[in-house]
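A closer look at the structure
Each chain, written out:
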Amino acid sequence: MVIMSVRDDNSEAHNAISVDHTLVNNQDERIWALPPLPPLCERDRAHIKGLSPQEVRSWAIKKVVESRHSDSEPYYVYRLRALHNSTLPLYQLPPEIILHVLQFLGRGRSDSKWALAYTAVCRYWRETLFSYPLLWTSIDLGNRDTFNQLCLALSKNADLAIRLHDAASRSVRSSAMRSPYFNNMLAPHSHRIARLDLEPYSLVTLHRSSMLSILDGPMERLTTLTLSSMVDVGHPLHLHLDSRHFPHLEILSLHGVSIDWDDFVLPRLVSLTLAMIYDDPRQPTLDAFLHFLNAAPLLQILSLDGLTFPLSPITSSPFRSLIPLDHLHTFRFLDPSPRCRALIAHLSLPAGVSVTIIGFPFEVPVDGAAVPANVQVFTTVLPTIFKHTVLSQVQSVHLHVWDECLELHADSKSMEYRPRRLRTLRVIFDTAEAMCDAFLPNTLLELPHIFHDALAHLLIESAGLNLVDRHQWKLLFAAFPRLQTLQLYSNVPLSQECFTALRPVEDLPIPCDQLQELGLRCTQGTEEAVSDMLDGLQCCLEDRLQATARLAQLRVTAPLFSIRREEYAVRLGELVTFLKFSSQ
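Residues numbered from 1 in each chain as written. Predicted model: local features only at pLDDT ≥ 70, side-chain atom pairs only at ≥ 80, totals over all residues. Heavy atoms only, no water.

Regarding the overall build of the chain
- Along its length, the chain carries 20 helices and 21 strands.
- Across the 584 residues that make up the chain, the buried fraction comes to 51%.
- Sequence separation of at least 24 residues holds for 73% of the intrachain contacts in the chain that already meet a minimum separation of 6.
- Counting every atom, the chain has about 27600 Å² of accessible surface; 52% of that belongs to carbon and sulfur. (Helix = DSSP H or I, 4+ residues; strand = E, 2+ residues; numbered from the N terminus. Buried < 20%, exposed > 50% of the residue type's maximum accessible area, 1.4 Å probe, protein only. Contact = heavy atoms within 4.5 Å. Areas by Shrake-Rupley, 256 points an atom, 1.4 Å probe, with all protein chains shown as cover.)

Have a look at this one:
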């Protein structure tokens, strides 16, 4: 019997009541197989009658010490220890309180093995924990077979969560993988598996050992299925799954696994993740995947990485109307191809959905050649309809066109504008060529086709800001007349083109008449070039001040000598309400 240690001046008595650490270290094999305790004899029961809890504990300690030097029944000593513990305040707690506390301690644990340590406190705790099935429903197939069998027995008819992570031969014994033991253990309980997470080193190895045959039968309670492989990406495992076996499946995640999508219907699905199945010729056609999505109206999360399905001509698609995914809140597509646009052109997404697209679907210029004006960048993956649906509430946009990366971030919130935390839209194109700056003029002209004219905050980071001419700046400002914040970050001083486009013109509306904050930053440049930039800025601010379009805040970061910085601080400070001028 294992019980909690008790402090006592008598060291021999203390040792008699202390924890049996040998049993704790072997608890998964012995603690649940202890025999029942004998009752107290009539003489001892009469002796403790009327005693206080403290007196009972003192008597029990003394009796345990005496029993160790006598020929009394060995298990009677355990009865005396149990009597001692039963008088402690800790052991007066109702089982419901103990279970509530332990469930709190077990939150976030991957399996039920953590609970074994608490069964070693005393017999009362052990019986309490073993009588609560929900504590034993999380099973890691990497644990000892005896413990997994114990969990299956103690969980009774409760829903099970089965997991297997990073299982090479060292985690799942090769003898078990070559034998029917795995299926024999789980097969009788397959009907109550609610979550199945199999993420081994190789799913192909599991499949060859018939460890995946459990998916061939009905699993009525299954709500979450994860199949992921670390090494099968180049040659993904192909499974024939019958969706009728999983009528309540809500979360499906396949990584390095392909399945037959024809007639695969999961009407209760809320989350779908497909990843790393690049080289499988049996990937779904666009039409087959659209049929699947059309039968999953409750979908909330759609994440696709490497879903290189064969493209069908849009004109031949049987879907004449858009597929409504009204509950979707997260859409993620990672693929350097036009498949993203081909897919989302058939989807109706709700306003406010978080969209992430990562890829690079076009050629970069070589030898400093200019990008043709008709070359599209972000609109190659973002359909025009997004402007009036998904992106209709966007307030803040961050455009980053620099070296090897083009990024477009957007969010519906305008308060506490922080580009790194934007969530509504993320489009990221990466290339090995450091020529992306040349795409800035094209991307600026695309923004009005992507975002609504109510845009309030715009941040542009690019080394190609000086490639944008006056006409292109004017088109941008005319498309977003309600801009309140404009931030332009470059590595070189801005040319006069941008400031000229912001200057009021007689008999014409003031460009961005609601503009309150302007931020400029350049990291390098000669003092002459920086002075030219600030002179152009000063003329722009003077004209806007005369047109009653005074700026509230101006923030300038540029490399200037202290004397010149003080001079411009005075000149510009008279034209705005607040000025922050700092040197690089």
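Now that the structure has been shown, the text picks up again.
Focus on the pairing of strand β18 (residues 485–490)
- With six of six residues buried, β18 lies mostly within the body of the structure.
- Of the two faces of β18, the one holding Thr485, Gln487 and Tyr489 and the one holding Leu486, Leu488 and Ser490 are both buried throughout.
- Direction of pairing for strand β17 (residues 457–462) relative to β18: parallel, over a ladder of five bridges. Looking across to β18, one finds that isoleucine 460 is bridged to leucine 488.
- This β-α-β element, β17 to helix α17 (residues 470–479) to β18, shows right-handed connectivity.
- Where β18 lies against strand β19 (residues 517–522), six bridges are found, and the strand directions are parallel. Along β19, the bridge assignment pairs serine 490 with cysteine 522.
- Handedness of the crossover joining β18 and β19 through helix α18 (residues 496–502) is recorded here as right-handed. (Pairing = 2+ DSSP bridges. Right-handed = clockwise from strand over helix to strand, strands pointing away.)

Considering helix α7 (residues 95–105)
- Of the residues making up α7, those classed as buried are Ile98, Leu99 and Leu102. Each buried residue of α7 sits inside an arc of 95 degrees when the element is viewed along its axis, so together they form one side. Looking at α7, the residues exposed on the side facing more than 90 degrees away from the buried face are Glu96, His100 and Phe104.
- Lining the buried residues of α7 we find α8 (116–119) and α9 (123–130). (Arc of directions from axis to C-beta.)

As for the pattern of salt bridges
- In the structure shown here, the tally under the stated rule is twelve salt bridges.
- With a closest N to O distance of 2.6 Å, aspartate 543 and arginine 503 form a salt bridge. Here aspartate 543 is found in helix α19 (residues 527–546), whereas its partner arginine 503 is found in the loop between α18 and β19, with 40 residues between them in sequence.
- What makes aspartate 543 partly exposed here is its relative accessible area of 21%.
- A salt bridge links glutamate 567 to arginine 571, with the nearest nitrogen and oxygen atoms 2.8 Å apart. Of this pair, glutamate 567 and arginine 571 are both found in helix α20 (residues 562–573), four residues apart, which corresponds to roughly one turn of the helix.
- Take glutamate 567: its relative accessible area is 31%, and that puts it in the partly exposed class.
- Via salt bridges that share partners, Asp535, Glu567 and Arg571 belong to a single interconnected network. (Salt bridge = Lys/Arg side-chain N within 4 Å of Asp/Glu carboxyl O.)

Considering the nonpolar core
- If you look at the biggest cluster of nonpolar residues, it comprises 144 residues, and the most contacted ones within it are Leu408, Phe451 and Trp473.
- For leucine 408, the residues in contact, after removing those within four places along its chain, are Phe378, Leu382, Val397, His398, Leu399, Leu425, Arg426, Val427, Leu447, Ile450 and Phe451.
- Core analysis: the next-biggest nonpolar cluster, separate from the first, contains ten residues, Trp59, Ala60, Tyr76 and Leu80 among them. (Core = buried A, V, L, I, M, F, W, Y, C linked by side-chain atoms within 4.5 Å.)

Comments concerning a nonpolar patch on the surface
- There is a patch of nonpolar side chains on the surface, built from Leu90, Leu93, Ile97, Val101, Phe104 and Leu105 and spanning about 480 Å² of accessible area.
- In this fold, phenylalanine 104 is placed in helix α7. (Patch = residues over 30% accessible without salt bridge, like charges linked within 9 Å, V, L, I, M, F, W, Y side chains within 5 Å.)

Structural notes on unusual backbone geometry
- In this structure, aspartate 507 is a non-glycine residue whose phi angle is positive, near 70 degrees.
- Its place among the elements puts aspartate 507 in the loop between α18 and β19.
- At threonine 548, a position not held by glycine, the phi torsion is positive, near 60 degrees.
- With respect to the helices and strands, threonine 548 occurs in the loop between α19 and β20 (551–557).

Structural notes on the packing of aromatic side chains
- Under the criterion given, the structure shown has ten aromatic pairs.
- For the ring pair phenylalanine 264 and phenylalanine 292, a centre distance of 6.0 Å and an interplane angle of 20 degrees mean the geometry is stacked. On the criterion of sequence distance, the pair formed by phenylalanine 264 in the loop between β7 (257–259) and β8 (271–275) and phenylalanine 292 in helix α14 (residues 286–294) is long-range, its members being 28 residues apart.
- For phenylalanine 264, a relative accessible area of 3% gives the class buried.
- By relative accessible area, which is 2% here, phenylalanine 292 ends up buried.
- An aromatic cluster is defined as three or more aromatic residues linked by ring pairs; in this entry it consists of Trp261, Phe264, Phe289 and Phe292.
- One Lys or Arg, arginine 521, reaches over the ring of tyrosine 489 and ends 3.9 Å from the middle of that ring. (Phe/Tyr/Trp six-rings, centres within 6.5 Å; stacked < 30°, edge-to-face > 60°. Lys NZ or Arg CZ within 6 Å of the ring centre and 35° of its normal.)

Digging into the packing of helix α16 (residues 440–450) against α17
- For the pair α16 and α17, interaxial distance at closest approach is 9 Å and the crossing angle is 25 degrees. Classified by the angle their axes make, α16 and α17 are roughly parallel. The crossing of α16 and α17 is left-handed. The segment α16 lies against α17, with Pro441, Leu444, Leu445, Leu447 and Pro448 engaging Gln472, Trp473, Leu475, Leu476 and Ala479.
- Considered class by class, the residues forming the contact of α16 with α17 number nine nonpolar, one polar and no charged. (Axes fitted to C-alpha atoms, helices over the stretch in contact; angles between N-to-C directions. Parallel < 35°, antiparallel > 145°, perpendicular 65-115°, else oblique. Left-handed = near helix turned anticlockwise from the far one by under 90°. Nonpolar A, V, L, I, M, F, W, Y, C, P; charged D, E, K, R; others polar.)

Brief notes about the pairing of strand β3 (residues 193–199)
- For β3, the buried fraction is high: five of the seven residues fall into the buried class.
- The pairing of strand β2 (residues 160–165) with β3 spans six bridges and is parallel. Opposite leucine 160, over in β3, you have isoleucine 193 as the bridge partner.
- In this sheet, strand β4 (residues 224–228) lies alongside β3 in parallel orientation, the contact comprising four bridges. Each bridged residue has a counterpart across the sheet, and for aspartate 197 the counterpart in β4 is threonine 226.

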